[in-house]
Amino acid sequence: MKIVGIAGSLRQGAYVRRLLEAMSRELPATAELVIWEGLDQVPPLTDGALPRPVDELYHTLAAADGMLVTAPGHSSLPAQLGHALDWVASRRAGAVLVGKPVGLVTACSRAHEATWTQIQLGRALGATGAVVYGAEIVVTPAPSHFDADGRLTDPVCRAKIRHVLEEVSSRSMARSRVNSALSHT
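Attention here is on the structure that accompanies the text. (Residues numbered from 1 in each chain as written. Predicted model: local features only at pLDDT ≥ 70, side-chain atom pairs only at ≥ 80, totals over all residues. Heavy atoms only, no water.)

Describing the pattern of salt bridges
- Per the counting criterion, the structure on display carries 7 salt bridges.
- With its nearest N and O atoms 2.7 Å apart, the salt bridge here joins Glu 26 to Arg 162. Taken together, the residues Glu 26 in the loop between helix H1 (15–24) and strand E2 (32–35) and Arg 162 in helix H5 (residues 155–183) connect sequence positions 136 residues apart.
- Each member of the salt-bridge network shares a partner with another, and the members are Glu 26, Arg 151, Arg 158 and Arg 162. (Salt bridge = Lys/Arg side-chain N within 4 Å of Asp/Glu carboxyl O. Helix = DSSP H or I, 4+ residues; strand = E, 2+ residues; numbered from the N terminus.)

Next up, the structure:
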């Protein structure tokens, strides 16, 4: 089972990137998390030929059974993440996320910021036909939330994340089995 991960921040060493990496350690052994690294190259949605990074994103998502997105809580989506979701929601995306499970995790120091980001991400991904699961994690982005192996140390945060991952993993596994059965017929 292949799950694509996108960290919604371009900052080097960003908390949400570390969070995505920590989430990969909580996935079942049958799941492979592939973190997509092209977010910084995605331009705003335009007419014309597909930009190379967008074409890469489409192919990566089309080959996946599910997706995870981590984002910082802001009053608006980070611009590059918004651009990527605009492209995926466009008709040219070929419906690469229709019916696929997507887990959203937002992290920030104030609850209302996480809520706004969850709403915006949920709307953007809902427009793609994805099945969205989310968790709002209210934490101060700090290195002390991770142990030496990069795992989350806060039991409440881990429980919230595990719930999202269980939903995404079980739905992704079901999709993977169906796709495998169809390819053998």
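After presenting the structure, the write-up continues.
Notes on the packing of aromatic side chains
- A full pass over the atoms with the stated rule returns 1 aromatic pair.
- Measuring from centroid to centroid gives 5.4 Å for Tyr 15 and Phe 146, while their planes differ by 55°, and the two rings are tilted. Residue Tyr 15 is located in helix H1, and its partner Phe 146 is located in the loop between strand E5 (131–138) and H5; the two are separated by 131 residues in the primary sequence.
- With a relative accessible area of 7%, Phe 146 lands in the buried category. (Phe/Tyr/Trp six-rings, centres within 6.5 Å; stacked < 30°, edge-to-face > 60°. Buried < 20%, exposed > 50% of the residue type's maximum accessible area, 1.4 Å probe, protein only.)

What to know about the layout of surface pockets
- Each pocket or cavity is described by its volume, and for the largest pocket that value is around 220 Å³.
- Along its surface, the largest pocket is lined by 13 residues, and Ser 9, Leu 10, Arg 11, Arg 17 and Glu 37 are the ones closest to its centre.
- The residue inventory of the lining of the largest pocket, partitioned by class, reads 6 nonpolar, 3 polar and 4 charged. (1 Å grid on protein atoms, 1.4 Å probe; cavity = no way out; pocket = protein on both sides within 12 Å on 5 of 7 lines; lining within 4 Å. Points joined across faces, edges and corners; volume = space filled by probe spheres on them. Nonpolar A, V, L, I, M, F, W, Y, C, P; charged D, E, K, R; others polar.)

Some points on helix H2 (residues 52–62)
- Burial in H2 covers these residues: Pro 53, Val 54, Leu 57, Tyr 58, Thr 60 and Leu 61. The buried residues of H2 occupy an angular sector of 165° when the element is viewed end-on, so they sit on one face. In H2, the exposed positions angled more than 90 degrees off the buried face are occupied by Arg 52 and His 59.
- Where H2 is buried, its residues contact strand E1 (2–7), strand E3 (66–72) and helix H3 (79–89). (Arc of directions from axis to C-beta. Contact = heavy atoms within 4.5 Å.)

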